[in-house]
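# Examination of the molecular architecture
One letter stands for each residue in the lines below.
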Amino acid sequence: MPLRPAGVVIFAEVALPLPLPDPLTYAVPPSWVSQAVPGVRTRVTMGRRRMTGVIVEVHQRRPEGMTIRPIEEILDREPVLTADLLALARFVAGYYMAPLGEVVRSMLPSDLPPWGDRKIWLTDAGAMALPRTPEETAVVEALREGGRMSVAELQARSGLDSLNNLDDVLARLAEGGRIGSEAHRSRSARYVNAVELAPGGLATHLAVAGRSAAGRQVIEYLAAMGRPATVAEVTAAVECTSAVVRRLVGKGVLRQFTQVERLSLDRHILGLPEKDGKIVLRDDQAHALGRIVEILDRREPAAFLLQGMTGSGKTEVYLRAAQEALARGRSAILLVPEIALVPALARTAERWFGGELAILHSGLGTGERHQEWERVRRGEARVVLGPRSALFAPVADLGLVVVDEEQDSSYKQEIDPRYNARDLALVRGRDAGAVTLLVSATPSLESRFNAERGKLEVLSLTQRAGPGTLPEGILVDLKEEGVSRRPGEVHFSERLKLEIHKAIAEGDQVILLRNRRGYAPMLLCRACGEDFRCPDCGLPRTYHRRDRRLVCHYCGSMIGAPSRCPVCSEEALEAIGAGTERVEEDFKELFPGVTVDVLDRDTARRPGGLAALLERFGRGEIQVLIGTQMVSKGHHFPNVALTAVLAADAYLGFPDFRAVERTYNLLTQVAGRAGRGERPGRVVIQTYHPDHYAIQAALRQDDEGFAREEMRFRRVFHYPPYSRMVQLLVRDKSRERAQSLITGLADDLAAHPLGRGVRLSGPAPAPLERLRGQWRFQLLARSANFRDLHRLLEVVLPKNPGYDLVIDVDPQQLL
């Protein structure tokens, strides 16, 4: 850290995690002057609250006409946000019109322990030894008087004027064994209880467990995992108490032992198969890799779109590109759109990069997350894998940023700050002089548009890797299947049943897509019309039959599912529609004896649930996998010969201009799961709109035809990418107030001279008008010139609105 002359008065601009338009100014006491540099965290008082913020600027300009409070302490020895990440934070705050403090908070792991919280104490040797310098005397006396204390407390008690001085003293005392420290406690070994199945067959174990449902679930869970698990992991996954585990240990069904806690990061999960030897690249793969390496050698920024059909070997290309970046002493960041896709890539990436791989995502435990972040910051890990937040990893000398499945809307954060990691990857890569590689079988229309205008260089892969071929498309017109016997039922057409029978008879695996979880979207009383709407959102709760509960998937509220209507007391309740649970139930009736399971968010959120399911499917123990869009991308299972989309129209009717694009992407991705092995694949698409161009294009693998038709629609109606869009959303508990506020904003924008080239749609109720107890009204602003649109919003929108105003730049969801 740079040292400043004694007596210099400086001030720090501190970004706090609050919706404030600007950082706040604080005075820096003399004892903290040398440590007050941009990028370190500091504790300050805001009103009556004690908060942690990040210093983003230091200067000697005293603000006029206000009382300046001092910062209380500096929490870090060195910046936790490097200069390049601070510059990126400022860009995010400006472009997405978000508070800088909230941007900075989103870039750091939560609960990152401050360096100053490290505990120090005097050892027996230190208590008996004579200090050698006045500084050592001050530290030793403070420890004798105060006992065990944090570094920050020690600095205050010892009177040393900087952490640098204190750190030098502590280093000398530690070398002589005169002080003890908790510096590495968070990474020290910890012993935990673990269990595994005792020798014997599964049937025998289940018989011993008897009628205990929880006990049987524990046994089935461990059998599915195929490995030992900690007691905490088992109880969390099965949702039982440790007494159930102890009872099974006592019966001899489980064997208990003690092991060192492993920060495994789910790297044991099956993803791609083990490789025998080195894969020889095809000519198109070699050309793509060669072009990337050429730019890496120049150390120049460049942006590429790696486009190729599903199964064409795009992963092989970008993993080799990351290897080339490492060979040149640089780092790489590999982004996937969802946490659920991390395990599918982690095992393969670990074989490539070993200990140089770090995995970062919010699903990790606190200790795991901090461990991986520190490994990256120290330079021990130079390849980072994770979803959108991994883009902010503190890597040094960034050489490559990969955005896999770049078209996925999950890269857009739907809470403040509402950034899009795909777009920010291009910014970070440009500023770092790195290669940015957007990867997709079905690129977003924005990326296609940028490629046409030369902002992205296209690298095309034109063949499938290995023996796999694109699946045969089979279209089923549901209008010809007759009227369903149940309202909203997902239908298994005769052709689909025939194809499933064929796949099972030939020993192949099947994936069925139903993009709705739970048993049914609604539980309806046929007698009085009660539909159990959420009082805060005004929408029917989803019926989860397995758990006997009704859940609002928007706010999370839930109630138990009754056996009779609580309003009219009639036994006339009927499940309307079908989710993954109901599809599973119907499947078991149609195909008894076939092993089937479900992959959706409910499965994935349980610890070990996703791991166990993918392992079992990868080993072939599950023949049919039913799931939401989680089954459609990122998985490589060579034995899957049949995929089916049970209701291809699910997205088409959404009130969102991207609905057709999402439908096409989903159909193409799920089709691409079939035919990756020796046997040819087939995809069945069931729809009520067989002539729709998105469905026809997915069926024929006509990517160019779809893009041409959808681009024509966007151009005619001035939608992105032919314009830029900002969504303004006002939320309030009063419907009238929300409507009045958004109307006032619309009037102000329309009246301003800068608004002449801006198209305003609305104001109008949002498609989901009421959520979480608030009424929602929106206004869409579009312009071909984003600078004019951005300037208009900066001028007209209030800096401190005093009401709930959401500003979503380049929105991905308009619901």
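Before reading further, recall that the structure is shown in the block above.
The structure contained in this document is the topic of the report that follows. (Residues numbered from 1 in each chain as written. Predicted model: local features only at pLDDT ≥ 70, side-chain atom pairs only at ≥ 80, totals over all residues. Heavy atoms only, no water.)

## Some words on the overall build of the chain
Helix and strand counts for the chain stand at 25 helices and 33 strands. Compactness check: the chain gives a C-alpha radius of gyration of 29 Å against a globular reference of 28 Å for 815 residues, within 12% of the reference. For the chain, the spread of C-alpha atoms along the principal axes amounts to about 90 × 80 × 70 Å. Looking at the chain as a whole, 54% of its 815 residues qualify as buried. (Helix = DSSP H or I, 4+ residues; strand = E, 2+ residues; numbered from the N terminus. Rg over C-alpha atoms; globule rule 2.2 N^0.38 Å. Buried < 20%, exposed > 50% of the residue type's maximum accessible area, 1.4 Å probe, protein only.)

## Examining unusual backbone geometry
Pro721 follows Pro720 through a cis peptide bond whose omega is 15°. The residue Pro721 is located in the loop between α23 (703–716) and β30 (724–732) in this model. Cis peptide bonds are those with omega within 30 degrees of zero, and the linkage from Gly762 to Pro763 qualifies with 10°. Note that Pro763 resides in strand β31 (residues 759–771).

## Notes on the packing of helix α1 (residues 83–95) against helix α15 (residues 421–432)
Between α1 and α15, whose axes approach to 11 Å, the crossing angle comes to 135°. By the criterion of interaxial angle, the relationship of α1 to α15 is oblique. Handedness of the crossing formed by α1 with α15: right-handed. In this structure, α1 uses Asp84, Leu85, Leu88, Phe91 and Val92 to contact α15, whose residues at the interface are Leu424, Val427 and Arg428. Residue composition of the contact of α1 with α15, grouped by class: six nonpolar, no polar and two charged. (Axes fitted to C-alpha atoms, helices over the stretch in contact; angles between N-to-C directions. Parallel < 35°, antiparallel > 145°, perpendicular 65-115°, else oblique. Left-handed = near helix turned anticlockwise from the far one by under 90°. Contact = heavy atoms within 4.5 Å. Nonpolar A, V, L, I, M, F, W, Y, C, P; charged D, E, K, R; others polar.)

## Some thoughts on the sheet that holds strand β20 (residues 509–513)
A sheet is described by the order of its strands in space; here six strands give the open sequence β19-β29-β28-β20-β27-β26, paired in parallel fashion. With partners counted over all chains shown, the strands left at the sheet margins are β19 (472–477) and β26 (596–599), one partner each. Ignoring strand direction, the axes of neighbouring strands in this sheet form an average angle of 20°. Pairing of β26 with strand β27 (residues 624–627), which is carried by four bridges, proceeds in the parallel orientation. Within β27, the residue paired with Asp597 across the bridge is Leu625. Across the sheet, helix α17 (residues 494–505) lies against β19, β20, β28 (640–645) and β29 (682–687), angled at about 160° from β29, the strand it touches most. In the packing of helix α21 (residues 659–671) onto the sheet, contacts are made with β20, β28 and β29, and the angle to β28 comes to roughly 160°. (Pairing = 2+ DSSP bridges.)

## Examining the pattern of salt bridges
Counting across every chain of the model gives 57 salt bridges. Connected via shared salt-bridge partners are Glu78, Glu374, Arg377, Arg378 and Glu380. (Salt bridge = Lys/Arg side-chain N within 4 Å of Asp/Glu carboxyl O.)

## Examining the packing of aromatic side chains
Applying the stated rule across the entire model yields 15 aromatic pairs. Ring geometry for Phe713 against Tyr719: centres 6.0 Å apart, planes inclined by 35°, an arrangement best described as tilted. For Phe713, a relative accessible area of 27% gives the class partly exposed. Chaining the aromatic ring pairs together yields one cluster made of Phe91, Tyr95, Tyr96 and Phe786. A cation over an aromatic ring shows up here: Arg724 above the ring of Phe786, its NZ or CZ 4.4 Å from the ring centre. Its end group placed over the ring of Trp775, Arg735 keeps NZ or CZ at 5.7 Å from the ring centre. (Phe/Tyr/Trp six-rings, centres within 6.5 Å; stacked < 30°, edge-to-face > 60°. Lys NZ or Arg CZ within 6 Å of the ring centre and 35° of its normal.)

## Describing the environment of Arg759
With respect to the helices, strands and loops of the structure, Arg759 is situated in strand β31. Excluding anything up to four places from it in sequence, Arg759 contacts His718, Leu780, Ala781 and Arg782.

## Re helix α24 (residues 735–751)
A turn of α-helix holds 3.6 residues, and therefore any two residues three or four places apart point the same way. With 17 residues, α24 should reach 24 Å at 1.5 Å per residue; the first-to-last C-alpha distance of 24 Å fits that figure. Those residues of α24 lying buried are Ala738, Leu741, Ile742, Leu745, Ala746 and Leu749. End-on view of α24: buried residues confined to an arc of 135°, all on one side of the axis. Within α24, the exposed residues directed more than 90 degrees away from the buried face are Glu736, Ser740, Ala750 and Ala751. Considering only its buried residues, α24 is in contact with β30, β31, β32 (774–783), α25 (786–796) and β33 (804–809). (Expected span 1.5 Å × (residues − 1). Arc of directions from axis to C-beta.)

## Looking at helix α16 (residues 445–452)
Counting buried residues in α16 gives six out of eight residues, a clear majority hidden from the surface. Among the residues making up α16, those that are buried are Leu445, Glu446, Ser447, Arg448, Phe449 and Ala451. Residues of α16 that are buried make contact with β12 (302–308), α15, β17 (435–440), β18 (457–461), α21 and α23. The positive-phi residue at the C-terminal boundary of α16 is Gly454, with phi of around 80°.

## Section: empty space enclosed by the protein
Per the counting criterion, the structure on display carries four cavities of 30 Å³ or more. One number sums up the size of the largest cavity: a volume of about 80 Å³. What lines the largest cavity is Leu513, Arg514, Asn515, Val645, Ala647, Ala648, Ala650, Tyr651, Thr663, Leu666 and Leu667. In terms of residue count, the dominant contributor to the lining of the largest cavity is α21 (three residues). In this model, the second largest cavity occupies a volume close to 50 Å³. Residue lining of the second largest cavity: Val14, Ala15, Leu16, Leu18, Leu20, Asp22, Pro23, Leu24, Leu100 and Gly101, and that is the complete set. Looking at the lining of the second largest cavity, the elements with two or more residues in it are β1 (10–15) and α2 (100–107). (1 Å grid on protein atoms, 1.4 Å probe; cavity = no way out; pocket = protein on both sides within 12 Å on 5 of 7 lines; lining within 4 Å. Points joined across faces, edges and corners; volume = space filled by probe spheres on them.)

## Considering the side chain of Asp703
Mapped onto the secondary structure, Asp703 falls in helix α23. When neighbours within four sequence positions are excluded, Asp703 is seen to be in contact with Gln307, Ala441, Thr442, Arg448 and Tyr664.

## Brief notes about the sheet that holds β32
On the basis of which strands lie adjacent, the open sheet formed by four strands has the order β31-β32-β30-β33 and antiparallel pairing. The open sheet has two free edges, formed respectively by β31 and β33, since each of these has just one partner strand. Averaged over all neighbouring strand pairs, the angle between strand axes comes to 20°, with direction disregarded. The sheet contact formed by β31 and β32 spans seven bridges and is antiparallel.

## Thoughts on the pairing of β28
The buried count for β28 comes to six of six residues, which makes it a mostly enclosed element. The pairing of β28 with β29 spans four bridges and is parallel. Directly across from Thr643, in β29, lies its bridge partner Val683.

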